[in-house]
Each structure stands twice: as C-alpha cells, then as structure tokens.
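Descriptive structure summary
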Amino acid sequence: MKRYWAIAPYRNSRNDFEKVWKWNLKNGHIALGWGIDGDPSQMDLESLGHAVDEWHEDRSSDSRKAILRMIWYWYHEVSEGDIVVARHGLSKVLAIGTVKRKGYYDPQQAEEMPAEYHFENFLDVAWHKDKRNIVLPKKIFAQPSIQPMREETYLAFINTLGESRGQIKSLTEDVEI
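Presented here is an overview of the structure given in this document. Owing to the predicted nature of the structure, the values given are computational and were not obtained by experimental measurement.

1. Thoughts on the overall build of the protein chain
Within the protein chain one finds five helices and eight strands. Secondary structure elements in the protein chain, listed N-terminal to C-terminal, are β-α-β-α-α-β-β-α-β-β-β-α-β. Nonlocal contacts in the protein chain, meaning residues at least 24 apart in sequence, comprise 69% of its contacts between residues at least 6 apart. Counting every atom, the protein chain has about 9900 Å² of accessible surface; 45% of that belongs to carbon and sulfur.

2. Observations regarding the packing of aromatic side chains
Tallied over the entire structure, the rule returns six aromatic pairs. When the centroid spacing of 5.2 Å and the interplanar angle of 75 degrees are considered together, the rings of Trp21 and Trp127 count as edge-to-face. Of this pair, Trp21 sits in helix H1 (residues 17-27) while Trp127 sits in strand S5 (residues 121-127); the two residues are 106 residues apart in sequence, bridging distant segments of the chain. Across this residue pair, the class does not change: Trp21 and Trp127 are buried. Of the aromatic side chains, those joined through ring pairs into one cluster are Trp23, Tyr104 and Phe122. Above the ring of Tyr104, the side-chain terminus of Arg101 is found at 3.6 Å from the ring centroid.

3. Looking at the nonpolar core
In summary, soluble globular proteins display a tendency toward joint burial of nonpolar side chains. Ranked by internal contacts, the top residues of the largest apolar core, which has 39 residues, are Ile7, Ile30, Trp34, Ile71, Trp74, Trp127 and Ile146. At the level of elements, strand S1 (4-7), H1, strand S2 (29-32), helix H2 (45-55), helix H3 (61-77), strand S3 (83-88), strand S4 (92-105) and S5 are the ones that each hand at least two residues to this core. A per-element tally of this core places H3 first, with seven residues. In this view, Trp127 contacts Trp21, Asn24, Leu25, Gly28, His29, Ile30, Val84, Ala86, Ala95, Ile96, Gly97 and Arg132; residues no more than four positions away in its chain are not counted. Core analysis: the next-biggest nonpolar cluster, separate from the first, contains 14 residues, Leu136, Phe141, Tyr154 and Phe157 among them.

4. Observations regarding the packing of H2 against H3
As a packed pair, H2 and H3 sit with axes 10 Å apart at the nearest point and diverge in direction by 135 degrees. Taken as axis vectors, H2 and H3 run oblique relative to one another. In the crossing of H2 with H3, the sense of the turn from one axis to the other is right-handed. Of H3, the residues touching H2 (which contributes Leu45, Leu48, Gly49, Val52 and Asp53) are Arg64, Ile67, Leu68, Ile71 and Trp72. Considering only residue class, the contact of H2 with H3 consists of seven nonpolar, one polar and two charged.

5. Comments concerning the side chain of Asp82
Considering the arrangement of structural elements, one finds Asp82 in the loop between H3 and S3. The buried charged residue Asp82 lacks any salt bridge partner; its closest oppositely charged side chain belongs to Arg3, at an N-O distance of 5.6 Å. For Asp82, the side chain forms a polar contact with the side chain of Trp5, separated by 3.0 Å. Residues contacting Asp82, with those up to four places away along its chain left out, are Met1, Lys2, Arg3, Trp5, Glu77, Gly97, Thr98 and Val99.

Rules of the game
- Residues numbered from 1 in each chain as written.
- Predicted model: local features only at pLDDT ≥ 70, side-chain atom pairs only at ≥ 80, totals over all residues.
- Heavy atoms only, no water.
- Helix = DSSP H or I, 4+ residues; strand = E, 2+ residues; numbered from the N terminus.
- Contact = heavy atoms within 4.5 Å.
- Areas by Shrake-Rupley, 256 points an atom, 1.4 Å probe, with all protein chains shown as cover.
- Phe/Tyr/Trp six-rings, centres within 6.5 Å; stacked < 30°, edge-to-face > 60°.
- Buried < 20%, exposed > 50% of the residue type's maximum accessible area, 1.4 Å probe, protein only.
- Lys NZ or Arg CZ within 6 Å of the ring centre and 35° of its normal.
- Core = buried A, V, L, I, M, F, W, Y, C linked by side-chain atoms within 4.5 Å.
- Axes fitted to C-alpha atoms, helices over the stretch in contact; angles between N-to-C directions.
- Parallel < 35°, antiparallel > 145°, perpendicular 65-115°, else oblique.
- Left-handed = near helix turned anticlockwise from the far one by under 90°.
- Nonpolar A, V, L, I, M, F, W, Y, C, P; charged D, E, K, R; others polar.
- Lys, Arg positive; Asp, Glu negative; His and termini not counted.
- Salt bridge = Lys/Arg side-chain N within 4 Å of Asp/Glu carboxyl O.
- Polar contact = N/O pair within 3.5 Å; in protein donor to acceptor, adjacent residues only side chain to side chain.

Below, the structure is given as structure tokens:
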C-alpha cells in the first residue's frame, strides 16, 4: 500500500540549506541525520531507543520519543513506491518524488554532502519535474523532520496546488503549477 510522507531534508536554520537540497535533488535522494552512533537500519526498536537516549540525553523524554519515531519511520515504514513531499519550513514544497529505495545507512556517501554536518541516512527518490519550489499561502506542515500524511490529505494538498494558481507564490519564475 502506497503511503505519503512529508520530509524536511535539512535544518531550515542552516546557511548551507540550499546547497544540501540541490545536492539531494541532483543525486536523486534525500538524507537525514539523527546524531546516533552506528547503523540504525540494523537496530531493533529497543537498541534504537537506547542509542537515541544515549545521544540525546539532554533532550526531554517526548523529544527522544519523537526522534525514535522518525528513525523508525525512515527505516521500517517508508517503502519503495511511497510518495515524498520534500518541505522547507512549514509552508514550502521543495519537490515531490517517488521512493525508489527504502532507507539505508551510507557514511561514505554522507562524506560527499556539501555541508558542515554529514547525514548518513538516505532514501533514493525519483523527483517529479512538476510542483517544485512552491510557497503555500499558509503553514500546512508540522515540525517533525519526517511525518506520515494520510492519502486524503495528500490528494487534497495536490488539488489545492492545482486550483490555487493565484494564491500560491512560486519561489522560481519557471515553475508551472
């Protein structure tokens, strides 16, 4: 069953956001990092929970649970054929794509990331050519770096993009909605 995911590919507050996003887009993937040691794809839920608690001991219990949930989604719930909405902040759509390879850990590929922080967790994505770089008229995304979207929500969102030509401001001149 196809699922839909909103994913923020890099911290909105970082100066190198645009470089990192262009690198993700060019290389057909999306990368995230959670600052834990080891390969999360090889950890069961209990081991992953311990790793998150160890690396994020300064965070609240709720924050650590949210990090654990995001990592679990990435490696155990996002699947080939799922749809990704790459977002920037809470109201910008960078691109929409189809997952081509489920989550994997690749520290070597992470070294190529053009940023101070190298994220080692990847999804391969075939980025669609349309509906890119769109600023929405209101905030529609929540804070987590990765969150599921219900199919009805995704379809309503896509219909809104098509129907709201006058209300949606594009970040680039050449984007057609």
